[in-house]
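# Structure at a glance
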Amino acid sequence: MSHATIATPRITIGLDLGDQYTQCCELDAATGVVEHSRVRTRPATIRQQFADCPPCRVVLEVGTHSPWVSRLLEELGHHVLVANPRKLRLIYGGTRKTDRLDAEALARVGRLDPRLLAPIRHRGAQAQADLATLRSRDCLVRARTQLINHVRGAVKAVGGRLPNVAAAAFSRKTAPHLPPALQLALTPLLREITDLTAQIRRVDRDLDTLARTRYPETERLRQIAGVGPLTALCFVLTLEDPARFRSSRSVGAYLGLCPRQHDSGQQTPQLSISKAGDPMLRRLLVTAAQYILGPFGPDCDLRQWGLRLAARGGKNAKKRAVVAVARRLAGILHRLWVNGETYEPFRHREHACAV
């Protein structure tokens, strides 16, 4: 790519990031293509390519490499837009799709109106590394669950049945109940489950220390029953900066907990939630909402509100109530984070009594 032709910072460059190579398309202010080129997707080559380039607008699509590429380009003084792939049907829905055409489409849309890209903002390097620890724990838990389900299914297939025990004690309490014919096949799996349980406990201790030392605001969020250290830490790391949201109500939509809309004419169908945000945090919030509405959830305004929604009846009333409580819970957590207030479980009830 030649940078000698760039005279103003209004130059727009589209990048189609690949695992090995990145396709580049450079547009001038008159919408003409200056040059197509390809570079290796490596920090050293990306830096070399853009280090001497005057400040310009760079558009790329969110993906595996987009966090570090966007941070590197911003460090070099460029204005970076990371496009939301859900909004780029022009690219993924096209009949002719190549890396070269995708890079040019990104550059043209970014030059026309950046809002069409619905740009996202990647979290910082430290938050990304800490969130990776949470995701690693999630992978360990999923692997243990898969092994436990396999052991239970194998035993059932020969007419046996294992006792209902917690995952942490599964290997110790079920080993005596394994059928003799399956001892050789399932004993190694029980050892793996034991090792995974030990690793999960170590990661839990590390995350608890991380939350107390680096993210003390998580303690404020844990005032709500059902919100544990994992949920609080995942909430803080996913949002990273609470000032990004003008209103706490918008956090639920950001996390994909609001219903999709597809109104046309007089038709306003009820659709499922968008699921547009981080799936792990959304799952943790839904789990917290299930606890709040469950038999062990302490009485509070949020619980009473959710139970009223569930009592309305109708199809999937309980599921809708859980999602609604998770959505409101996200807003409450954001509000506590911003204001630093003490959580009042009966705030609305006390306010009504005062009036």
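See the structure shown above.
Everything numeric here is computed off the predicted structure, so don't read it as measured data.

## Side note on the side chain of His-78
Locating His-78 in the fold gives a position in the loop between helix H2 (66-75) and strand E5 (79-83). Within the structure, the side chain of His-78 is placed 3.2 Å from the backbone oxygen of Phe-50, a separation counted as a polar contact. A distance of 3.3 Å separates the side chain of His-78 from the backbone nitrogen of Cys-56, its partner in a polar contact. When near neighbours in sequence (up to four residues on either side) are disregarded, His-78 contacts Phe-50, Cys-53, Pro-54, Pro-55, Cys-56, Val-58 and Leu-73.

## Here's the deal with the packing of helix H9 (residues 229-239) against helix H11 (residues 279-293)
As a packed pair, H9 and H11 sit with axes 10 Å apart at the nearest point and diverge in direction by 145°. Viewed along their axes, H9 and H11 form a crossing whose handedness is left-handed. Contacts between H9 and H11 involve Leu-230, Thr-231, Cys-234, Phe-235, Thr-238 and Leu-239 from the first element and Met-280, Leu-281, Leu-284 and Leu-285 from the second. For the contact of H9 with H11, the per-class residue count stands at eight nonpolar, two polar and no charged.

## Examining the sheet that holds strand E3 (residues 33-40)
The strand order across the open sheet formed by five strands is E3-E2-E1-E4-E5, and the pairing between neighbours is mixed. Two strands bound the open sheet, and with one partner strand each, they are E3 and E5. Geometrically, the sheet is characterised by an average inter-axis angle of 20° between neighbouring strands, direction not taken into account. Across five bridges, strand E4 (residues 57-61) lies against E5 in parallel orientation. Looking at E5, one finds that Glu-61 is bridged to Ala-83.

What counts as what
Residues numbered from 1 in each chain as written. Predicted model: local features only at pLDDT ≥ 70, side-chain atom pairs only at ≥ 80, totals over all residues. Heavy atoms only, no water. Helix = DSSP H or I, 4+ residues; strand = E, 2+ residues; numbered from the N terminus. Polar contact = N/O pair within 3.5 Å; in protein donor to acceptor, adjacent residues only side chain to side chain. Contact = heavy atoms within 4.5 Å. Axes fitted to C-alpha atoms, helices over the stretch in contact; angles between N-to-C directions. Left-handed = near helix turned anticlockwise from the far one by under 90°. Nonpolar A, V, L, I, M, F, W, Y, C, P; charged D, E, K, R; others polar. Pairing = 2+ DSSP bridges.

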